[in-house]
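Single-letter residue listing:
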Amino acid sequence: MTVTMTGARFEELVSEALDLIPPELARAIDNVVVLVEPRNDEEPSLLGLYQGIALTERDSHYGGALPDTITIYRDAILDVCETDDDVVHEVMVTVIHEVAHYFGIDEDRLHELGWG
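Since the structure is predicted, the reported quantities are computational estimates derived from the model, not experimental observations.

### Some words on helix H1 (residues 7-19)
Working step 1: An ideal rise of 1.5 Å per residue puts 18 Å on 13 residues; H1 measures up with 19 Å between its terminal C-alpha atoms.
Working step 2: Taken together, the buried positions of H1 are Phe10, Leu13, Val14 and Ala17. Along the axis of H1, the buried residues cluster in a sector spanning 100°; they form a single face. Residues of H1 that are exposed and angled more than 90 degrees away from the buried face: Ala8 and Asp19.
Working step 3: Elements that come into contact with the buried residues of H1 comprise strand S1 (32-37), strand S3 (68-73), helix H3 (74-79) and helix H4 (84-102).

Structure below.
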């Protein structure tokens, strides 16, 4: 059974998850936009997506780049959750997972750390 939740409440959960990022890491995040979209058109079950140039791959030619984006897919997350508490947890995991990609942490390492 899919959980129903207003768009405003879901966006609030994304904001709360971003607030969980330790201040020293949050200060290092620059030129990133966080979006909430219903679903990824190419991969409808995708929960989140980081698009950009990870900090570990930036060099002196990075200047002037468009902002990186982290997109959290509301409907896909709601589809895999049974309760509001599940949504809170899944949003937190998804946000942290995508922010970790910004810092250059790959899928394998995220799975090792329990954020897969």
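### A word on the packing of aromatic side chains
Working step 1: By the definition in use, this model includes two aromatic pairs.
Working step 2: Where Tyr50 meets Tyr102, the ring centres are 6.2 Å apart and the plane angle is 80°; that geometry is what we call edge-to-face. On the criterion of sequence distance, the pair formed by Tyr50 in strand S2 (residues 48-51) and Tyr102 in helix H4 is long-range, its members being 52 residues apart.
Working step 3: Judged by relative accessible area, Tyr50 falls into the buried class, the value being 13%.
Working step 4: On the accessibility criterion, Tyr102 (0% relative accessible area) is buried.
Working step 5: Note on Tyr102 and Phe103: the rings are 5.1 Å apart at their centroids and 85° apart in plane angle, and the pair reads as edge-to-face.
Working step 6: These aromatic residues form a ring-pair network of at least three members: Tyr50, Tyr102 and Phe103.

### Some points on H4
Working step 1: When the terminal C-alpha atoms of H4 are compared, their 27 Å separation across 19 residues agrees well with the 27 Å that a helix rising 1.5 Å per residue should span.
Working step 2: Following H4 by one or two positions, Gly104 has its phi on the positive side, about 90°.

Criteria and thresholds
- Starting from 1, residues in each chain are numbered consecutively following that chain's sequence as written.
- Residues qualify for local features only when their pLDDT is at least 70, as the model is predicted, and side-chain atom pairs are given and counted only at 80 or more; totals for whole chains, interfaces and linings, by contrast, use all residues.
- For the side-chain quantities, the full set of heavy atoms in the structure was used; hydrogens and water were omitted.
- Labels follow the DSSP assignment, with helices taken as runs of H or I lasting at least four residues and strands as runs of E lasting at least two, numbered in each case from the N terminus.
- What a helix should span is 1.5 Å times the count of its residues minus one.
- Burial classes: relative accessible area under 20% of the type maximum marks a residue as buried, over 50% as exposed, and values in between as partly exposed (1.4 Å probe, protein chains only).
- The arc in question is traced by the directions running from the helix axis to the C-beta atoms.
- Throughout, a contact is declared for two residues whenever any of their heavy atoms are within 4.5 Å.
- The criterion for an aromatic pair is that two Phe, Tyr or Trp rings (for Trp, the six-membered ring) have centres within 6.5 Å, with stacked assigned to planes under 30 degrees apart, edge-to-face to planes over 60 apart and tilted to the rest.

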